[in-house]
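# Structural features, examined
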Amino acid sequence: TSALSEWNSNVKERAFARIDISIPANTITAAKSQSFSLEAGEVVRINCSYSPMSASVDFGLLAPDGYFYYERVTSGDINKAIQVDERGTYILAVRNNSSDTVSVVGFVHY
């Protein structure tokens, strides 16, 4: 089973962070300033847009075990809540799968 699962109910947030980054082609960027100490069952909501909209981008969390749990997006925006199954520190990460630099703006609520 995955250490992360989608959460579809109303989410109460503790805090939020603004994201405004550029990601070079074919790279992953870990936003180390966006780390979250979470308990099992807590939720992180990623609500971001990016350009160019045609790019394939993976949004997700680097888990304490080093694994990257992500959602692939090809539409130019994401509004997804992810519930963690294990206690620990998670880091927001974005992988640009395209051959162009991608600009990402938005918010992460946790």
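Here the structure is a predicted model, which is why all the values come from computation and not from measurement. (Residues numbered from 1 in each chain as written. Predicted model: local features only at pLDDT ≥ 70, side-chain atom pairs only at ≥ 80, totals over all residues. Heavy atoms only, no water.)

## Quick word on the nonpolar core
To keep things clear, this is the line we draw: Here, nonpolar core refers to any group of buried Ala, Val, Leu, Ile, Met, Phe, Trp, Tyr and Cys residues whose side-chain atoms link them within 4.5 Å. Only protein chains enter the accessibility calculation, which uses a 1.4 Å probe; a residue is then buried when its area is under 20% of its type maximum, exposed when over 50%, and partly exposed in between. Helix numbers and strand numbers start at the N terminus; a helix is a DSSP run of H or I with at least 4 residues, a strand a run of E with at least 2.
Among the nonpolar cores identified, the biggest contains 25 residues, and I46, Y50, F59 and V104 are the most heavily contacted of them. Elements with a minimum of two residues in this core: β2 (16–23), β3 (27–38), β4 (43–51), β5 (57–62), β6 (68–73), β7 (77–84), β8 (88–96) and β9 (102–109). At 4 residues, the largest contribution of residues to this core is made by β4.

## Focus: the side chain of Q83
Stated precisely, the cut-off is as follows: Two N or O atoms form a polar contact when they lie within 3.5 Å of each other; inside protein one atom must be a possible hydrogen donor and the other a possible acceptor, and for residues adjacent in sequence the pair counts only when both atoms belong to side chains.
Take Q83: it is sitting in strand β7. A distance of 3.0 Å separates the side chain of Q83 from the backbone oxygen of G41, its partner in a polar contact.

## Some points on the pairing of β4
Stated precisely, the cut-off is as follows: Strands are treated as partners if at least two bridges between them are detected by DSSP.
For β4 and β7, the ladder comprises 7 bridges, and the chain directions are antiparallel. In the sheet register, N47 faces β7, and the bridge partner there is N79. The pairing of β4 with β9 spans 7 bridges and is classified as antiparallel. In the sheet register, S49 faces β9, and the bridge partner there is V105.

## Digging into the sheet that holds β6
To be explicit about the condition: Helix axes are fitted to C-alpha atoms over the stretch in contact, other axes to C-alpha atoms as well, and angles between N-to-C directions run from 0 to 180 degrees.
Here 4 strands make up an open sheet; going across it, the order is β3-β8-β5-β6 and the pairing antiparallel. Looking at the sheet topology across the chains shown, the edges are occupied by β3 and β6. Pairwise comparison of adjacent strand axes, ignoring direction, gives a mean angle of 20° for this sheet. Summarising the sheet, β5 and β8 pair through 6 bridges and their orientation is antiparallel. Opposite L62, over in β8, you have I91 as the bridge partner.

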